[in-house]
Amino acid sequence: MKKITTALVFGSLLSTSAIADKWHMPTPYGDGNLPTQIAYGFAEEIKDKTEGELDITVHSAGSLVKHTEIPRAVKTGQVQIGEVFLGILGNEHPVFKHDNIPFLATSFEDAKSLWEAAKPAVEKQLDKRGMKLLYAVAWPAQSLYTEMPVAQLSDLEGSKMRAYSPSTSRLADLMGTTPTTIQVPDIPQAFSTGIIQAMITSPSTGVDSQAWDYVNYYTDVKAWIPKNIIVVNKRAFRRLDKDTQTAILDAAKHAEALGWEKVAERAASDKQKLIDNGMNVSDPSDALIKELQAIGNTMVSEWKAEDPQEVGAILDRYQP
Ligand code: PCA
């Protein structure tokens, strides 16, 4: 009798643990960033809705998997789900490059339209790589941080500029600077040791890495609005029951809506923090904007030439 009870208890424990799933979600950026905060909310909503049957642990700031390794980790099923800066996939397929093209979309409204135009192609390419797109979170517009004031591109001549994607490497080239790939955690040291003298990123990443400690000038060129995407391994998703899948898709919808709702506010408050911490914040000169726009046009042409059909379709669908 005793034996049977033990077997029953053990059996039921086993079946409970077989139902509850524990997933790991690596993300690239730290807890102060909007996308990471949204990731925590996304995981919590899923845990609530599934009554704990799917419990996703968010591992922020590259603590579980390094940023550059996250796409492969999700693709191979090493982790079930993860967050990636879309631009770093630029070398995988040109459709991912829609995210880092200067002056293609500079308002949140246009960035949203561009995303709608690019999404089907992005989903198709992710699907081919064993991944399903869940949601995206936009960053504030990307602006220029420098040690010196920049009124025109020649002021940057000879400097080394941070790149965070294939497109931003190309941009640095076209700006007459030398691109150097650097991840967010290494930004302060890269400036203080003279590895770079300039970068283009959001006010949020400027605040996150305390840009005022090593650069004085922020020129608000607002050149593009990139995004992070959250992707799930297709097999891991398929293995879940319908209700759990629905809980994930609903939470993803809420997360994406919340991102678009919060990002404008975050852009303004983070820019204010740059000012409060003593940075010299200014609008770009007309000359600088003209030069950068010309580079943007070059980059659109180059991008289109990489895959006239797929990229052309995105550009046709995009109506700013
Ligand atoms: N911050 C991230 C990506 C875009 C942004 O605003 C970075 O600088 O790497």
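Residues numbered from 1 in each chain as written. Predicted model: local features only at pLDDT ≥ 70, side-chain atom pairs only at ≥ 80, totals over all residues. Heavy atoms only, no water.

If you look the chain up in an unreviewed UniProt entry, it shows as Bacterial extracellular solute-binding protein, family 7 from Marinomonas gallaica.

J.: Pulling in residues and values, what's your account of the overall build of the chain?
T.: The number of helices and strands found in the chain is 11 helices and 11 strands. Taken against the 2.2 N^0.38 rule, which gives 20 Å for 320 residues, the C-alpha radius of gyration of the chain at 22 Å falls within 12% of a compact globule. Seen along its three principal axes, the alpha-carbon backbone of the chain occupies a region of about 85 × 45 × 30 Å. Relative to its 320 residues, the chain shows a buried fraction of 51%. Contacts in the chain between residues at least 24 apart in sequence constitute 78% of all its contacts with a sequence separation of at least 6. (Helix = DSSP H or I, 4+ residues; strand = E, 2+ residues; numbered from the N terminus. Rg over C-alpha atoms; globule rule 2.2 N^0.38 Å. Buried < 20%, exposed > 50% of the residue type's maximum accessible area, 1.4 Å probe, protein only. Contact = heavy atoms within 4.5 Å.)

J.: Account for the pairing of strand β1 (residues 21-26), naming residues and giving values.
T.: Sheet topology places β1 next to strand β2 (residues 54-59); six bridges connect them, and they run parallel. Across the sheet, the residue bridging to His24 is Thr57, located in β2. Read as a crossover between parallel neighbours, the route from β1 over helix α2 (residues 34-49) to β2 is right-handed. (Pairing = 2+ DSSP bridges. Right-handed = clockwise from strand over helix to strand, strands pointing away.)

J.: Describe the site of the ligand, with residues and values.
T.: Around the ligand, the structure places Tyr29, Phe85, Trp139, Gln142, Arg162, Tyr164, Val184, Thr201, Ser202 and Thr205. In the model, an oxygen atom of the ligand is placed 2.8 Å from a nitrogen or oxygen of the Arg162 side chain. Thr201 places a polar side-chain atom, nitrogen or oxygen, 2.8 Å from an oxygen atom of the ligand. Burial of the ligand by the surrounding chains reaches 99%, relative to a free accessible area of 260 Å². Looking at the shell around the ligand residue by residue, the class counts come to five nonpolar, four polar and one charged. (Near = heavy atom within 4 Å. Polar contact = N/O pair within 3.5 Å; in protein donor to acceptor, adjacent residues only side chain to side chain. Areas by Shrake-Rupley, 256 points an atom, 1.4 Å probe, with all protein chains shown as cover. Nonpolar A, V, L, I, M, F, W, Y, C, P; charged D, E, K, R; others polar.)

J.: Give me the lowdown on the pattern of salt bridges, citing residues and values where you can.
T.: The final tally for this structure, using the stated rule, is 14 salt bridges. For Glu69, the salt bridge goes to Arg72, with nearest N and O atoms at 2.7 Å. Given a relative accessible area of 30%, Glu69 falls into the partly exposed group. The exposed category is assigned to Arg72, whose relative accessible area is 53%. Linking Asp270 and Lys273 is a salt bridge whose minimum nitrogen-to-oxygen distance equals 3.8 Å. Of this pair, Asp270 and Lys273 both sit in helix α9 (residues 242-276), three residues apart, roughly one helical turn. (Salt bridge = Lys/Arg side-chain N within 4 Å of Asp/Glu carboxyl O.)

J.: Any chance you could break down helix α4 (residues 108-128) for me, citing the residues and the numbers?
T.: An α-helical turn contains 3.6 residues, so a residue and the one three or four places further along point in the same direction. Its 21 residues place the ends of α4 29 Å apart at the C-alpha level, agreeing with the 30 Å of an ideal helix rising 1.5 Å per residue. Remark: the principal bend of α4, roughly 45°, maps to Ala118, with a proline, Pro120, within the next four residues. Directly after α4, the chain includes Gly130, whose backbone phi takes a positive value near 80°. (Expected span 1.5 Å × (residues − 1). Bend = angle between axes of the 7 residues up to and from the residue.)

J.: Tell me what's going on with the nonpolar core, and back it up with residues and numbers.
T.: The biggest cluster of nonpolar side chains holds 73 residues, and the ones touching the most others in it are Leu126, Met175 and Ile229. Residues Ala43, Ala236, Ile248 and Val263 belong to the second largest nonpolar core, which totals 25 residues. (Core = buried A, V, L, I, M, F, W, Y, C linked by side-chain atoms within 4.5 Å.)

J.: I'd like a rundown of the packing of aromatic side chains, residues and numbers included.
T.: Overall, the coordinates contain five aromatic pairs when judged by the stated rule. Relative to Trp139, the ring of Tyr29 lies with its centre 4.8 Å away and its plane at 80°, an arrangement referred to as edge-to-face. Of this pair, Tyr29 sits in the loop between β1 and α2 while Trp139 sits in the loop between β4 (131-138) and β5 (143-146), and the two are 110 residues apart along the sequence. Ring geometry for Phe85 versus Tyr164: centroids 4.7 Å apart, planes at 75°, classification edge-to-face. Within this pair, whereas Phe85 is found in strand β3 (residues 81-85), its partner Tyr164 is found in the loop between β6 (160-163) and α5 (166-174), the two being separated by 79 residues in sequence. (Phe/Tyr/Trp six-rings, centres within 6.5 Å; stacked < 30°, edge-to-face > 60°.)

J.: I'd like a rundown of the sheet that holds β4, residues and numbers included.
T.: Reading across from one edge, β3-β10-β4 is the order of the three strands in this open sheet, with antiparallel pairing throughout. The open sheet terminates on both sides in strands that have one partner only, identified here as β3 and β4. This sheet shows a mean twist of 25° between the axes of neighbouring strands, independent of strand direction. Relative to strand β10 (residues 227-233), β3 runs antiparallel, the two sharing five bridges. Bridge assignment links Gly82 to a residue of β10, and that residue is Val231. On top of the sheet, α4 reaches β4 and β10; it is set at about 145° to β4, its chief contact. Sheet strands touched by α9: β4 and β10. Its angle to β4, the strand with the most contacts, is close to 25°. (Axes fitted to C-alpha atoms, helices over the stretch in contact; angles between N-to-C directions.)

J.: Can you explain the packing of helix α10 (residues 286-306) against helix α11 (residues 308-317)? Please cite residues and give values.
T.: Working note: a packed helix pair is described by the angle between its axes plus the distance between those axes. In contact at an axis separation of 6 Å, α10 and α11 are set at 130° when each is read in the N-to-C sense. Here α10 is positioned oblique relative to α11, judged by the angle of their axes. Across from Val300, Trp303, Lys304, Ala305 and Glu306 in α10, the residues of α11 making contact are Pro308, Val311, Gly312, Ile314 and Leu315. Residues of the contact of α10 with α11, tallied by class, amount to seven nonpolar, one polar and two charged. (Parallel < 35°, antiparallel > 145°, perpendicular 65-115°, else oblique.)

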